[in-house]
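Read off the chains here:
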Amino acid sequence: MKDVVGITLNDNGRVYYFDPNKYKLKKNVTVIVETDQGQQFGRVVQEQHEINEKELRSPLKKVIRISSKEDYHKYIKNQKDAKEALKRCKKIVEKKKLEMKLLDASYTFDRDKLIFRFLSDNRVDFRELAKELANIYKVRIELRQVGVRDKAKEVGGCGPCGQKLCCSRFLKDLDAVSINMAKNQNLSLNPSKINGVCGRLLCCLKYEDSEYKECRKCMLKIGDKIKTEYGEGEIIGLEILKQQYKVIVPDHGIIMVDKEPCK
């Protein structure tokens, strides 16, 4: 087991695990942490707890220190300067007629790097843009292309369920969602039914996928033949969670048949 503390690096961002180092960190305490991108300002959202080391996707980085007033003021200045840099970058993008939509900009806490995130349907050659920005700001420039799911997370909105989008409300990790999840749940593959406002598969398809996989074990498929008390029939539908088949039997119409236990 490993002691970790959950920290987010922005208001709507993912939760990352860090080594709390020597600190006892309470929720909402702000800290300076070391990341692969350099030093970052973060906020504690999960107090210190133990997790299995197998759950860690990469080696833990450490909390450097609890932030001071000076750190906070520097963080606010970084945010303000990043907003100005975003405005300037947008003008350069328009001048160069690049097919990219800038979403945001951010400095690492130590101002070692200035990161721009953008949306584009195609690959963009931004080498000249990066050079021009580097000459202006005298820091390392990173231009990071993100997907439409990230855009939906930033903008927000309401899903087909009528609730605020999961990605902007509570989802921290936008895990992969596959069409097989919709098939496992016996859903219509109509894009208007299984796609979210971002145009990608609904994130909520993942929520019950493991349960459906378990329930589908040993179940026959639509079109298979099955013996019933009224004779042999053909399966025309599945009630996966109820563990039942919808079967059409000659001279008896449609009946429901319970699935036999797995052998």
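Here the structure is a predicted model, which means the values were calculated and not measured.

Novice: What is the right way to look at unusual backbone geometry in this model?
Specialist: In terms of backbone geometry, most residues other than glycine have negative phi values and most peptide bonds are trans. Even without glycine at this site, Gln 243 takes up a positive phi of about 60 degrees. Note that Gln 243 resides in the loop between strand E10 (231-239) and strand E11 (244-249). Positive phi, close to 70 degrees, is recorded for Asp 251, a residue that is not glycine. Within the fold, Asp 251 resides in the loop between E11 and strand E12 (253-258).

Novice: Just to check I follow, could you spell out the packing of aromatic side chains for this structure?
Specialist: Aromatic ring pairs: the centre-centre distance and the angle between the two ring planes describe each pair. Counted under the stated rule, the structure contains 5 aromatic pairs. For the ring pair Phe 41 and Tyr 72, a centre distance of 6.3 Å and an interplane angle of 55 degrees mean the geometry is tilted. Here Phe 41, found in strand E4 (residues 38-51), pairs with Tyr 72, found in helix H1 (residues 69-96); they are 31 residues apart in sequence, far enough to count as distant. Look at Phe 41 and you get buried, because its relative accessible area is 7%. Taken together, the ring pairs connect Phe 41, Tyr 72, Tyr 75 and Phe 109 into an aromatic cluster. Over the aromatic face of Phe 109 sits the side chain of Lys 74, whose NZ or CZ is 4.7 Å from the ring centroid.

Novice: Teacher, can you tell me more about the sheet that holds E12 here?
Specialist: Sheet strands associate in pairs through backbone hydrogen bonding, adopting either a parallel or an antiparallel arrangement. Pairing is antiparallel in the open sheet, where 4 strands are placed in the order E9-E10-E11-E12. Looking at strand neighbours, the two that pair on one side only are strand E9 (225-228) and E12, the edges of this open sheet. Sheet twist, expressed as the average angle between the axes of neighbouring strands with direction ignored, equals 45 degrees. As paired strands, E9 and E10 are joined by 4 bridges and run antiparallel to one another. Looking across to E10, one finds that Lys 225 is bridged to Glu 234.

Novice: Sorry, what's going on with helix H3 (residues 148-155) here?
Specialist: Each turn of an α-helix holds 3.6 residues, which means side chains three or four residues apart point in the same direction. When we look at burial in H3, the residues that qualify are Arg 149, Ala 152 and Lys 153. For H3, the angular spread of buried residues about the axis comes to 100 degrees, placing them on one side. In this structure, the buried residues of H3 make contact with helix H4 (166-169). Count one or two residues on from H3 and you reach Gly 156, which has phi positive near 80 degrees.

Novice: What exactly am I supposed to notice about the nonpolar core here?
Specialist: The nonpolar side chains of a soluble globular protein tend to be buried, and buried together. If you look at the biggest cluster of nonpolar residues, it comprises 21 residues, and the most contacted ones within it are Met 100, Leu 102, Leu 114, Phe 116, Leu 129, Leu 133 and Leu 143. At the level of elements, H1, strand E6 (101-107), strand E7 (113-119), helix H2 (127-137) and strand E8 (140-146) are the ones that each hand at least two residues to this core. Counting residues per element, this core draws most heavily on H1, which supplies 6 residues. When near neighbours in sequence (up to four residues on either side) are disregarded, Leu 143 contacts Met 100, Phe 116, Phe 118, Phe 126, Leu 129 and Ala 130.

Scoring rules and cut-offs
Counting of residues starts from 1 at the beginning of each chain's written sequence and follows it residue by residue. Note on the predicted model: pLDDT of at least 70 is required for a residue's local features to be given, and 80 or more for side-chain atom pairs to be given and counted; whole-chain, interface and lining totals, by contrast, use all residues. The basis for every side-chain value is the complete set of heavy atoms in the structure, and neither hydrogens nor water enter the calculation. Note on conventions: DSSP H or I runs of at least 4 residues are helices, E runs of at least 2 residues are strands, and numbering of each starts at the N terminus. For Phe, Tyr and Trp, where Trp contributes only its six-membered ring, two rings pair if their centres lie within 6.5 Å, and the inter-plane angle classes them as stacked under 30 degrees, edge-to-face over 60, or tilted in between. Each residue gets one of three labels from its accessible area relative to the maximum for its type: buried under 20%, exposed over 50%, partly exposed in between, using a 1.4 Å probe on protein chains only. Criterion for a charge above a ring: Arg CZ or Lys NZ at most 6 Å from the ring centre, at most 35 degrees from the ring normal. By the convention used here, strands pair only if DSSP detects at least 2 bridges between them. Under this scheme, a helix contributes an axis fitted over its contacting stretch, all axes are lines through C-alpha atoms, and angles between N-to-C directions fall in the 0 to 180 degree range. Arc, as used here, means the arc of the directions from the helix axis to the C-beta atoms. Whether two residues are in contact is decided by their heavy atoms, any of which lying within 4.5 Å being enough. Here, nonpolar core refers to any group of buried Ala, Val, Leu, Ile, Met, Phe, Trp, Tyr and Cys residues whose side-chain atoms link them within 4.5 Å.

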